[in-house]
Amino acid sequence: MLDQNQKVTKIVNFIMKSGKKSVAQNIYNKMLQEIKASGHMNPFIVVEAAIENAAPTIMIKSKRLGGSVYQVPVEVKPAKRLFFSIKWLLDAARSKSGKPMYKKLAEEILAAYSNQGYAVKKKEEAHKMAEANKAFAYMAKYIN
């Protein structure tokens, strides 16, 4: 598993657009300050918990078998879980308007921390789809 420093670097790299790392680092640092200002003593724990709450454990993959396409539920590897949770958190923050990025991201992370918001909703949708298609779970061995 990644340690705290590696996770921070990964989050900053996901935030970064057009190679502007210093801008992404500023957004991340201001976001941590915003979380701290909202009453949480340790913002790193809040971010960690929000990412964990938004991370999917199971998703569906399409598999073509004998002319038919099946939605096969597969377990998500830890690196992909991190990717999807951060991606969904950032997508939610970027879709909002009218505030600076660090405030939107802080709001979304606080929402995910309390098991609400867009990213957690996306995770629940993925789990529902996997649950609905669990009849095809035996086909998971055919997926590379």
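What counts, and at which threshold
Residues numbered from 1 in each chain as written. Predicted model: local features only at pLDDT ≥ 70, side-chain atom pairs only at ≥ 80, totals over all residues. Heavy atoms only, no water. Axes fitted to C-alpha atoms, helices over the stretch in contact; angles between N-to-C directions. Helix = DSSP H or I, 4+ residues; strand = E, 2+ residues; numbered from the N terminus. Parallel < 35°, antiparallel > 145°, perpendicular 65-115°, else oblique. Left-handed = near helix turned anticlockwise from the far one by under 90°. Contact = heavy atoms within 4.5 Å. Nonpolar A, V, L, I, M, F, W, Y, C, P; charged D, E, K, R; others polar. Core = buried A, V, L, I, M, F, W, Y, C linked by side-chain atoms within 4.5 Å. Buried < 20%, exposed > 50% of the residue type's maximum accessible area, 1.4 Å probe, protein only.

Participant: I tried to follow the packing of helix α1 (residues 4–15) against helix α4 (residues 78–95) on my own but got confused; where do I start?
Facilitator: Helix-helix packing is characterised by the crossing angle of the two axes and by the distance between the axes. Across the interface, α1 lies against α4 with an axial gap of 10 Å and an inter-helix angle of 45 degrees. Viewed along their axes, α1 and α4 adopt a mutual orientation that is oblique. Like other packed secondary-structure pairs, α1 and α4 cross with a definite hand, here right-handed. Contacts between α1 and α4 pair Lys-7, Lys-10, Ile-11, Phe-14 and Ile-15 from the former with Leu-82, Phe-83, Ile-86, Leu-90 and Arg-94 from the latter. Here the contact of α1 with α4 is composed, by residue class, of 7 nonpolar, no polar and 3 charged.

Participant: Which parts of the structure should I look at to understand the nonpolar core?
Facilitator: The nonpolar side chains of a soluble globular protein tend to be buried with one another. Formed by 32 residues in total, the largest nonpolar core has its most connected members in Ile-15, Tyr-28, Met-31, Val-47, Leu-105 and Ile-109. Of all the secondary-structure elements, those providing two or more residues to this core are α1, α2 (21–37), α3 (43–54), α4, α5 (101–113) and α6 (117–132). For this core, the leading source of residues is α4, giving 7 residues. Once residues lying within four places of it in the same chain are set aside, the contact partners of Met-31 are Val-47, Tyr-102, Leu-105, Ala-106 and Ile-109.

Participant: Hey, could you run me through unusual backbone geometry in this one?
Facilitator: Among all residues save glycine, negative phi is the norm, and among peptide bonds the norm is trans. Even without glycine at this site, Ser-18 takes up a positive phi of about 55 degrees. Relative to the helices and strands, Ser-18 is located in the loop between α1 and α2. Phi is positive for Asn-115, which is not a glycine, with a value near 55 degrees. If you trace the backbone, Asn-115 turns up in the loop between α5 and α6. Asn-115 sits in the partly exposed class, given a relative accessible area of 47%.

Participant: Mind showing me how you'd approach the packing of α1 against α3 here?
Facilitator: Interhelical geometry of α1 versus α3 gives an angle of 70 degrees and a closest axis separation of 12 Å. When the axes of α1 and α3 are compared, the pair comes out roughly perpendicular. Judged by the sense of rotation from one axis to the other, the crossing of α1 with α3 is left-handed. From α1, Gln-4, Lys-7, Val-8 and Ile-11 reach across to α3, where they touch Phe-44, Val-47, Glu-48 and Ile-51. Counted by class, the contact of α1 with α3 contains 5 nonpolar, 1 polar and 2 charged residues.

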